[in-house]
Amino acid sequence: MELFTKLKDFELQSVPLQIATAIQKQIYNQDLKPGDRLPKQEELADFFAVSRPTIREALDLLMESQLIQRESPKSKSYVIANFHPDKALKSVQDIILLSLTFNTLTKWELYAIREMIEIPCAALAAKNRTEEDIRELELLLPGPEILTKSVPEIFEADARFHIKLAECTRNPLAKTLVESLVYAYFKLDIFISEVEKCSIIDGLPELFEAVKNGDEEEAKEKMTEHMKHFKYYHKK
């Protein structure tokens, strides 16, 4: 009886999931590379000794994970998909939000992760930014008129600046991580008055100038100063 108690929460994998996992392992091991064509469905069915509907379910799971794609819109053939970090954005956001919901990640830990990632990113942005990046970043720099907007609108403007700054690093994973962290952070309960809302964008002009001038150390310092206000938005 004790054994059954221990096993009651054990989750058996469905056959389609087992097949999808086997193919996924080949992709992660680079035995299957982007552009490689998977065998035909009937060949996969024969290999795994299952029905074609079972194979279709497995392929659907791999499609949902964006690991494979149809060779063409009407094709019945599948190829290994090219991966870009942007594809992982929703999954990363979901993981963060679920962690916050079930208290496996606190808002203070989330703030600490943002500091760990975004402060070095500011330096990398100063090093790698292009002239086009600077023009685009300047367009996202909130002006004085932003203070006539609501608190959520100001947070949105700040978020767009942070995400573009991460893009200036020329590292696609940095942009994906920062975008996930920023929007997860702003989905928390924010406590900030209309009087205090100017602190949301405090220091952004100085941060922009440091990045524009290619000053890595100054960019880190200005991002640190800008982010110091964030920790106070939840202290009520």
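Q: Help me understand the overall build of the chain, please; the structure alone is not making it clear to me.
A: Looking only at helices and strands, one finds 11 helices and two strands in the chain. Order of helices (α) and strands (β) in the chain, N terminus to C terminus: α-α-α-α-β-β-α-α-α-α-α-α-α. Restricting to contacts in the chain with at least 6 residues of sequence separation, those with at least 24 account for 73%. A total accessible area of about 14,400 Å² is found for the chain, and carbon and sulfur atoms account for 55% of it.

Q: Would you explain the packing of helix H10 (residues 204–212) against helix H11 (residues 216–227) in this entry?
A: Each pair of packed helices can be summarised by the angle the axes make with each other and by the distance between the axes. Running from N to C, H10 and H11 cross one another at 165°; their axes reach a closest spacing of 8 Å. Relative to H11, the element H10 lies roughly antiparallel. Once H10 is placed against H11, the crossing between them reads as left-handed. Contacts between H10 and H11 involve Leu204, Glu206, Leu207, Ala210 and Val211 from the first element and Glu218, Ala219, Lys222, Met223 and His226 from the second. Split by residue class, the contact of H10 with H11 holds six nonpolar, one polar and three charged.

Q: I tried to follow the environment of Gly35 on my own but got confused; where do I start?
A: Within the fold, Gly35 resides in the loop between helix H2 (15–28) and helix H3 (41–48). For the pair formed by Gly35 and Gln69, sequence separation is 34 residues and the distance between their alpha carbons is 9.4 Å. The residues touching Gly35, leaving out its near neighbours within four places in the chain, are Val79 and Ile80.

Scoring rules and cut-offs
- Residues numbered from 1 in each chain as written.
- Predicted model: local features only at pLDDT ≥ 70, side-chain atom pairs only at ≥ 80, totals over all residues.
- Heavy atoms only, no water.
- Helix = DSSP H or I, 4+ residues; strand = E, 2+ residues; numbered from the N terminus.
- Contact = heavy atoms within 4.5 Å.
- Areas by Shrake-Rupley, 256 points an atom, 1.4 Å probe, with all protein chains shown as cover.
- Axes fitted to C-alpha atoms, helices over the stretch in contact; angles between N-to-C directions.
- Parallel < 35°, antiparallel > 145°, perpendicular 65-115°, else oblique.
- Left-handed = near helix turned anticlockwise from the far one by under 90°.
- Nonpolar A, V, L, I, M, F, W, Y, C, P; charged D, E, K, R; others polar.

Take it as geometry only, folks, not as evidence of what the structure does.
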